[in-house]
Amino acid sequence: MKILVPLKRVADPDNANKVKIPAAGDKIETTGLEWKPNPFDEYALEAALRLTENGQTPKVRAGEVVVVTFGPKETEQTLRAALATGADRAIRIDTTDDKLDGDLVARALAALIEKEKPDVVVMGKQAVDGDSNQVGQILAELLDWPMATFAATIKEEAGALVVSREVDGGVATMRVKLPAIVTVDLRIVAPTSVYSTKTAATFKYNDGVRFAALPAIMAAKKKLLVEIKLADLAADQALKVEYKAFQAPPARKAGIKVKDVTELVTRLKNEAKVL
Amino acid sequence: MADQTNPLLDDRDLDFLLYDVLHAERLVELPDFADHERETFDLLLKTTRRFAREVLYPAYKPMDESPPVLANGRVTVHPMMHAIYPKLAELGLINASRPASVGGMSLPLTISTAAMAYLMAANLSAAGYAFLTTGAAHLIEAFGDEDLKATYMRPMYDGTWTGTMALTEPQAGSSLTDVKTAATPTDRGHFLIRGSKTFISGGDHDLTENIVNLVLARIDGAPPGIKGVSLFVVPRRRPTREGLVDNDVSTAGVIHKIGWRGLPSVILSFGEASDCHGYLLGEPHKGIGYMFQMMNEARILVGVSAAATASAAYHESVAYARVRPQGRSMKQRDPAAPQIPIIEHADVRRMLLRQKAIVEGALCLSLATSRYADLAFHGATPAARSHAALLLDLLTPVAKSFPAEKGFEANALSVQIHGGYGYSSEYLPEAWMRDQKLNTIHEGTTGIQSMDLLGRKAVAGGGAAIRALLEEITEAATRARTADVPVSWIDAVTGAGAAVAAITAELGAFALGGDVEKMMLHSVDYLELFSVLVIGWQWLQQAAAAREGLARQDGLGDFYEGKLCAAQYWIFTEIPRIPALAELCRSGEDSYGRMKPAWF
Ligand SMILES: Cc1cc2nc3c(=O)[nH]c(=O)nc-3n(C[C@H](O)[C@H](O)[C@H](O)COP(=O)(O)OP(=O)(O)OC[C@H]3O[C@@H](n4cnc5c(N)ncnc54)[C@H](O)[C@@H]3O)c2cc1C
């Protein structure tokens, strides 16, 4: 099985050097930000690796995982990290962060998929910066492929994937024929969430995404990483989404102590307006 | 209650120390490190950081609470350690700094030290299984024949087996010349080992199928003293054609420890059934010499573990001080006004800044010393290598003892900042304080380090080592001047350098005049004043790098201001103590010199 995994780097929310909005309010200040991979994309990569190996120790690769990202040269670090974790090959689509929206990313990916012809695209359900939750869906539409979003488990069957999705009040299970788009949710990295046809049903993965072993980091330097110009994939680079203004959320007010229950109820009613 | 958001070590600080202060990225210009680039260093550090925080740290408290148990002659370790160990081995840090010829990746020690610091800050005991194995396997790599390397070093470096250093005996602790464990030659190549070792960390556990002990012992008829001690490879189970068989190594007891409670330290008994095979490493009677050649790295690692342990506690206390409301500002007279977080009290900030100055000073020294180790072995020219070797030898006793001694003080301050809660085992600072204490004891006590520094290192080469140190300080001062660090700060450090050189010469003169006892009477005070200078030098470099950062206006202003305050703190509260300590050494103040055992 050949799997394409799109990766996006996002500003590290834990970093002390928090995201800043310049006075004009028209963009996010990106200089000095520290980056990390979008966590849902890391889950997607983990799921893709599990689908392309046999689950034994030492693991044997059985398939190919190609990772792709959009961005300037420095985003290659995100790709190298993915190669060190086990991805086989990487593609960087050269552009800058502020010249992208979900639509353009989906169109460029669709063009790339025409060339790469993966059996499945496994991707994060959304990026934690913009929280747009669109690229997977737009991409499925453009390719006219079946899609399963918010996957919590994936089981490979001949020519198809059985995907369960967590929905309100239960789990919806669906079978998608390949090629297909799957977007994943947090639970996909639980120990028994993903099974390829080669992995024994009794096998349990370590919880969470795997660590790149240090020697693999060195080996990753020798793996193939190619650069493609965005223009080669999308002639029309016009953005459909225009960001008008950015605003920091209002600072949280300090808590107060109330005298008694009556005051609590009054305040909940009149100030918090939750009653 | 553990603060799960405790970063253990500040990533920004590690980057600052490695790249802004020490320019570690330049190490890749050396042929032996040419396979690396800063990007691989960063990826490596990222991986170990995550591993430390996500895998090791959650197990720290549970492992502290339920130490290993000895039952039916074998030690069982915490179940969480069983889950951790295979991942720890797979991570590949055990042999990362070793060359490719032995399966490693030639990672500079500077970087592997930084990576190891994360593991140690997260869970000292868990990290211990790895670094003990590295140390033991490295000895086999350096002095073993091909057979020993293939049989023992390989499976140790890949984590299949673990290793120990089995040196200490009841009558031979600080004084290893007194080891009694006996080795009797046989005509089949191996020796028969008989004796007992105590406090052997990692000496028994149920994580791997085998444990390889490096044992100091005397070959029958060996000359007495240091020149009669040899080093042996003594596996728990020895490989035979039929597979691993029992090698007559047994566990006579497990030490009940106040810290490092996830790592068993045991009493080992060798040859109770006269069937314990030992394999001589290198030549007979050279064991202590071999040990000494590996001493620098082992001692640097103790210093790193001390800095890391103090760092975890420091971050815990900063977070606590921000959220614990207590009291009001001196200006606030209204008792109804809300209480303020204790970090608003200057005295709490004193305790925090002291911890910061100790922790980040110690980390900087650990990394700087590791860098000298890299340069001593891989430097571009023979001159560069010998210069670095001189500094490595000189700084090692400080890099070992300063983080341990002052780290303990920093750990106590973290308890203090937590007030009564700090004295409760619900909170972590007391556990780190217990862990820390070992670092002033093992790998040579502080007293032993002080004698090594004053009696050997500081007077080495007729003062060549001290001159090399002064050159480094001069270089740091030049950088600081260019970066606009206040002149008074620079003068304080360079002045202290001159004062330390002077007192070293004076103490050396006592010995030349035949009074070694007077020279050595205040060796611990000398170690202290020397350490204050060395850490002052680290802070001068950090101040320079911080000023350079401020000039770049890269958005990290708060970080650099914090660095400058810590530098100022060290330079103006610690450096002034040097003359008084020097006076103690010079005067030979003899209260304890004169004190007779009977007078206690
Ligand atoms: C938790 C733990 C783990 C350990 N792990 C290992 C291990 O894995 N392998 C191993 O081989 N050992 C290990 N040790 C042993 C450790 O290295 C020794 O405890 C240490 O070397 C000190 O020896 P000692 O305990 O016999 O103390 P002693 O040597 O008896 O020292 C007692 C005191 O006397 C002082 N003193 C001793 N000699 C002199 C002198 N000549 N001049 C001035 N002062 C002196 C010391 O500074 C110290 O304060 C471990 C110890 C502990 C507690």
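Residues numbered from 1 in each chain as written. Chains lettered and ligands numbered in written order. Predicted model: local features only at pLDDT ≥ 70, side-chain atom pairs only at ≥ 80, totals over all residues.

### Focus: the overall build of chain B
When helices and strands are tallied, chain B shows 19 helices and 12 strands. Against the compact-globule benchmark of 25 Å for 600 residues, chain B has a radius of gyration of 24 Å, which places it among compact chains. Overall, the C-alpha framework of chain B stretches about 80 × 60 × 60 Å when taken along its three principal axes. Split into buried and exposed, the 600 residues of chain B put 54% on the buried side. Looking at chain B alone, contacts between residues at least 24 apart form 76% of all its contacts between residues at least 6 apart. (Helix = DSSP H or I, 4+ residues; strand = E, 2+ residues; numbered from the N terminus. Rg over C-alpha atoms; globule rule 2.2 N^0.38 Å. Buried ≥ 20, exposed ≤ 12 C-beta atoms within 10 Å, placed from the backbone. Contact = placed C-beta atoms within 7 Å.)

### Some remarks on the overall build of chain A
Within chain A one finds 7 helices and 12 strands. A principal-axis box enclosing the C-alpha atoms of chain A has dimensions of 65 × 45 × 40 Å. Counting across all 275 residues of chain A, residues that qualify as buried make up 36%. Counted over contacts in chain A with a minimum sequence separation of 6, partners at least 24 positions apart contribute 68%.

### Considering the site of the ligand
All names here are of chain B. As a structural note, the neighbourhood of the ligand is formed by 19 residues, with L167, G173, S174, T445 and G447 the closest of them. Of all the secondary-structure elements, those providing two or more residues to the shell around the ligand are strand 3 (162–166), strand 5 (191–201) and helix 12 (446–457). Tallied by class, residues from the shell around the ligand come to 9 nonpolar, 9 polar and 1 charged. (Near = placed C-beta within 6 Å. Nonpolar A, V, L, I, M, F, W, Y, C, P; charged D, E, K, R; others polar.)

### Focus: the domain arrangement of chain B
All names here are of chain B. When cut into domains, chain B gives domain 1 (11–157), domain 2 (163–285) and domain 3 (459–600). Centre-to-centre separation of domain 1 and domain 2, based on C-alpha positions: 24 Å. Tallying the contact residues gives 33 residues for domain 1 and 27 residues for domain 2. Of all the secondary structure elements, the ones that give two or more residues to the side of domain 1 that touches domain 2 are helix 2 (38–65), strand 2 (74–76), helix 3 (79–91), helix 5 (124–143) and helix 6 (146–157). (Domains from an automatic or database assignment.)

### Quick notes on the packing of helix 9 (residues 382–417) of chain B against helix 12 of chain B
Residues and elements named next belong to chain B. Interhelical geometry of helix 9 versus helix 12 gives an angle of 155° and a closest axis separation of 9 Å. Regarding the angle of helix 9 to helix 12, the classification is roughly antiparallel. In this structure, helix 9 crosses over helix 12, and the sense of that crossing is left-handed. Along the contact surface, helix 9 presents D393, L394, P397, V398, K400, S401, A404 and E405, while helix 12 presents T446, Q449, D452, L453 and K457. Looking at side-chain class alone, the contact of helix 9 with helix 12 contains 5 nonpolar, 3 polar and 5 charged residues. (Axes fitted to C-alpha atoms, helices over the stretch in contact; angles between N-to-C directions. Parallel < 35°, antiparallel > 145°, perpendicular 65-115°, else oblique. Left-handed = near helix turned anticlockwise from the far one by under 90°.)

### A word on helix 13 (residues 464–482) of chain B
Residues and elements named next belong to chain B. With 19 residues, helix 13 ought to run about 27 Å at 1.5 Å a step, and its terminal C-alpha atoms sit 27 Å apart, in line with that. Restricting attention to buried positions, one finds in helix 13 the residues A465, I466, A468, L469, I473, A476, A477 and A480. The inward-facing, buried residues of helix 13 abut helix 9, helix 12, helix 14 (487–512) and helix 16 (523–552). Trailing helix 13 by a residue or two, D484 shows a phi angle of about 70°, which is positive. (Expected span 1.5 Å × (residues − 1).)

### Re the confidence of the model for chain B
Here chain B shows a mean pLDDT of 96. Residues at 70 or above account for 99%. This prediction of the complex comes with two scores: 0.91 for pTM and 0.78 for ipTM. (pLDDT = per-residue confidence, 0-100.)

### Some remarks on the interface of chain B and chain A
Of the residues lining the interface, 19 residues belong to chain B; the matching set on chain A comes to 17 residues. Broken down by secondary-structure element, the contributors of at least two residues to the side of chain B that touches chain A are helix 2 and helix 3 of chain B. Counting residues per element, the side of chain B that touches chain A draws most heavily on helix 2 of chain B, which supplies 8 residues.

### Remarks on the environment of B:S230
Residues and elements named next belong to chain B. Inspection of the secondary structure puts S230 in strand 7 (residues 229–235). Residue class for S230 comes out buried when judged on the 24 C-beta atoms lying within 10 Å of it. For S230 and V487, which are 257 residues apart along the polypeptide, the C-alpha to C-alpha distance reads 53 Å. Setting aside its immediate chain neighbours within four residues, S230 contacts A183, A217, I219, L280, P284, H285, K286 and G287.

### Some remarks on the pairing of strand 9 (residues 243–246) of chain B
Every other side chain in a regular strand lies on the same face of the sheet, so the side chains alternate between the two faces. Residue and element names in this part refer to chain B. Of the pairings in the sheet, the one linking strand 8 (residues 237–240) to strand 9 comprises 4 bridges and is antiparallel in character. For T240, the partnering residue across the bridge sits in strand 9 and is G243. Counted between consecutive antiparallel strands, the loop separating strand 8 from strand 9 contains 2 residues. (Pairing = 2+ DSSP bridges.)

### Digging into the packing of helix 13 of chain B against helix 14 of chain B
All names here are of chain B. It is at 10 Å that the axes of helix 13 and helix 14 come closest, and there the two elements cross at 175°. Taken together, the axes of helix 13 and helix 14 lie roughly antiparallel to each other. Residues I466, L470, I473, A477, A480 and R481 of helix 13 pack against I490, V493, T494, G497, A501 and T504 of helix 14. Here the contact of helix 13 with helix 14 is built from residues that sort into 8 nonpolar, 3 polar and 1 charged.

### Side note on unusual backbone geometry
Here the amide bond leading from A:L178 into A:P179 is cis, since omega sits at 0°, within 30 degrees of zero. Take A:P179: it is sitting in the loop between strand 9 (170–177) and strand 10 (180–184). A positive phi angle, near 55°, is found at B:E443, a position not held by glycine. On the neighbour-count criterion, B:E443 (22 C-beta atoms within 10 Å) is buried.

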